[in-house]
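Letter by letter, the chains look like this.
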2 protein chains.
Amino acid sequence: MSTIITYGTFDLFHVGHLRLLKRLKDMGDSLIVGVSTDEFNELKGKKTVISFEQRSEIVSSVRYVDMVIAEKCWEQKVDDIKKHNISIFGIGEDWRGKFDFLTEYCDVVYLQRTDGISSSSLKSLMTTFNNTHTDELKKALDIITNIVTKFE
Amino acid sequence: MSTIITYGTFDLFHVGHLRLLKRLKDMGDSLIVGVSTDEFNELKGKKTVISFEQRSEIVSSVRYVDMVIAEKCWEQKVDDIKKHNISIFGIGEDWRGKFDFLTEYCDVVYLQRTDGISSSSLKSLMTTFNNTHTDELKKALDIITNIVTKFE
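Numbering of residues begins from 1 in every chain and follows the order in which that chain's sequence is written. Labels are handed out in written order, letters beginning with A for the chains and numbers beginning with 1 for the ligands. Totals for whole chains, interfaces and linings use every residue, but because this is a predicted model, local features are given only for residues with pLDDT of at least 70 and side-chain atom pairs only at 80 or more, for both listing and counting. The side-chain quantities take in all heavy atoms of the structure and omit both hydrogens and water.

## Observations regarding the overall build of chain A
When helices and strands are tallied, chain A shows six helices and five strands. Starting at the N terminus, helices and strands are each numbered in turn, a helix being any DSSP run of H or I of at least four residues and a strand any DSSP run of E of at least two. Helices and strands in chain A line up, N terminus first, as β-α-β-α-α-β-α-β-β-α-α. Buried means the residue's accessible area, taken with a 1.4 Å probe over protein chains only, is under 20% of the maximum for its type, while exposed means over 50%, and partly exposed covers the values in between. Buried residues in chain A amount to 49% of all 152 residues. Surface accessibility follows the Shrake-Rupley procedure with a 1.4 Å probe radius. Residue values consider only the protein chains on display as shielding. As displayed, chain A offers around 8,000 Å² of accessible surface, 52% of which is attributable to carbon and sulfur atoms.

Structure representation (structure tokens):
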């Protein structure tokens, strides 16, 4: 019985998250996911659209996920690995090298992210999707700028 | 063996979707979800942030969902109900009354939505979350309006 662990915020759950979780689950028998609490994210200077409770609820509902735990601080990983008898610690390749020190306790795997999908890109996409108001303001700005130029 | 069916777009998957799916699954043994295709949404004048392929992938990964089918038109429901030997057709209460004609083929249940959560409210939330740019434009607009007022 091999158990995999990963950590993340999982804001605005998307297929990038999903495919990462599936690939991790495929590496062993059981997958534990540490979801970053809102307090921990605040510490990291990260603000989410979705609350910890709802992010955890979504991740828990994914069929590849066997257990969700709260990620409250940077330091808990070694304790989690020991406590849950973890075989593999897996995380996105944007963290490459950052968790090599965990090889003392288990295998460490950095996984490729799904091209072009991230919570950040999703937020940008939504802005584009919703920016009718911004477009109107830009137009208004252009008109007023033209008026001002005439007075100069 | 009782099978439930529901239909929806499931854009920007959130706990409102999730809780609806869980309650539907709890009503029987198996849950089939019809996810609206992009073409069908276009017909309905609805534009999604997430593509049909990705929306389907997310819904398929939910542990309460046993099968995902494509919802391509309004008319397919009776055929789906017959084909999959459906016991209950369930959908959000915003559709109340609209699918009563299906009682000829199976039970029809309208379920309460999760308070304050919807894809639309999420889109608005994201706009608020991302509107630093809009705020700047508003400020610029105010400044320029003040300048223009001085010339009048």
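## Side note on unusual backbone geometry
Of note in the backbone geometry, phenylalanine 10 of chain A takes a positive phi value of approximately 55 degrees without being a glycine. Mapped onto the fold, phenylalanine 10 of chain A is located in the loop between strand S1 (3-8) and helix H1 (15-26).

## Topic: helix H3 (residues 52-61) of chain A
For an α-helix, 3.6 residues make a turn, and residues three or four places apart therefore share a direction. Three or more residues of H3 of chain A are buried, namely Phe52, Arg55, Ser56, Ile58, Val59 and Ser61 of chain A. Here a residue-residue contact requires only that any non-hydrogen atoms of the pair lie within 4.5 Å. Close packing links the buried residues of H3 of chain A with strand S2 (30-36), helix H2 (38-43) and strand S3 (67-71) of chain A together with helix H1 (15-26) and helix H3 (52-61) of chain B.

## Overview of the side chain of threonine 48 of chain A
For threonine 48 of chain A, the location among the structural elements is in the loop between H2 and H3. Within polar-contact distance, the side chain of threonine 48 of chain A engages the backbone oxygen of isoleucine 50 of chain A at 2.8 Å. Side-chain atoms alone can form a polar contact between residues adjacent in sequence; in general such a contact is a pair of N or O atoms within 3.5 Å, and within protein one must be able to donate a hydrogen while the other accepts it.

## Topic: the sheet that holds strand S3 (residues 67-71) of chain B
Residues and elements named next belong to chain B. Between any two strands, at least two bridges found by DSSP are needed for them to pair. Spatially, S3-S2-S1-S4-S5 is the arrangement adopted by the five strands of the open sheet, whose pairing is parallel. Looking at which strands have only one partner, the edges of the open sheet turn out to be S3 and strand S5 (107-111). Going across the sheet, the axis of each strand differs from the next one's by a mean of 25 degrees, ignoring polarity. Of the strand pairs in this sheet, strand S4 (residues 88-92) and S5 are connected by five bridges, and their pairing is parallel. For isoleucine 88, the partnering residue across the bridge sits in S5 and is aspartate 107. Orientation is described by lines fitted to C-alpha atoms, with helices fitted over the stretch in contact, and by angles between N-to-C directions that extend from 0 to 180 degrees.

## Details of the packing of H3 of chain A against H1 of chain B
Interaxial distance between H3 of chain A and H1 of chain B falls to 10 Å at its minimum, and their mutual angle equals 45 degrees. Between H3 of chain A and H1 of chain B, the angle falls in the class oblique. Here the hand of the crossing between H3 of chain A and H1 of chain B comes out left-handed. Residues Gln54, Glu57, Ile58 and Ser61 of chain A of H3 of chain A pack against Val15, Leu18 and Arg19 of chain B of H1 of chain B. Split into classes, the residues belonging to the contact of H3 of chain A with H1 of chain B amount to three nonpolar, two polar and two charged. We call two directions roughly parallel when the angle between them is under 35 degrees, roughly antiparallel when it is over 145, roughly perpendicular when it lies between 65 and 115, and oblique otherwise. Left-handed describes a crossing whose near helix is turned anticlockwise from the far helix by less than a right angle; the clockwise case is right-handed. Charged residues are taken to be Asp, Glu, Lys and Arg, nonpolar residues to be Ala, Val, Leu, Ile, Met, Phe, Trp, Tyr, Cys and Pro, and polar residues to be all remaining types, Gly included.

## Focus: the nonpolar core
One finds Phe13, Leu21 and Val33 of chain A together with Phe13, Leu21, Val33 and Val59 of chain B to be the most contacted residues of the largest nonpolar core, which totals 38 residues. Elements with a contribution of two residues or more to this core: H1, S2 and H3 of chain A together with H1, strand S2 (30-36) and H3 of chain B. Ignoring sequence-local partners within four residues, the contact set of valine 33 of chain A consists of Thr6, Phe10, Leu21, Val59, Val65, Met67, Val68 and Ile69 of chain A. Working definition of a nonpolar core: buried Ala, Val, Leu, Ile, Met, Phe, Trp, Tyr and Cys residues. They are joined through side-chain atoms within 4.5 Å.

## Describing the confidence of the model for chain A
Each residue gets a pLDDT score, which is the predictor's confidence in that residue and runs from 0 to 100. When pLDDT is averaged along chain A, the result is 87, and 76% of the positions lie at 70 or above. As a predicted assembly, this complex carries a pTM of 0.80 together with an ipTM value of 0.78.

## Notes on the pattern of salt bridges
Whenever a carboxyl oxygen of Asp or Glu lies within 4 Å of a side-chain nitrogen of Lys or Arg, that contact is scored as a salt bridge. By the definition in use, this model includes twelve salt bridges over all chains. For the salt bridge of glutamate 57 of chain B with arginine 19 of chain A, the shortest nitrogen-to-oxygen distance reads 2.7 Å. Highlighted residues: glutamate 57 of chain B in helix H3 and arginine 19 of chain A in helix H1, drawn from two different chains. What makes glutamate 57 of chain B partly exposed here is its relative accessible area of 27%. The partly exposed category is assigned to arginine 19 of chain A, whose relative accessible area is 29%. Between aspartate 26 of chain B and lysine 22 of chain B there is a salt bridge, with the nearest N and O atoms lying 3.1 Å from each other. With aspartate 26 of chain B and lysine 22 of chain B both in helix H1, this residue pair falls four residues apart, about one helical turn. Since its relative accessible area comes to 53%, aspartate 26 of chain B is described here as exposed.

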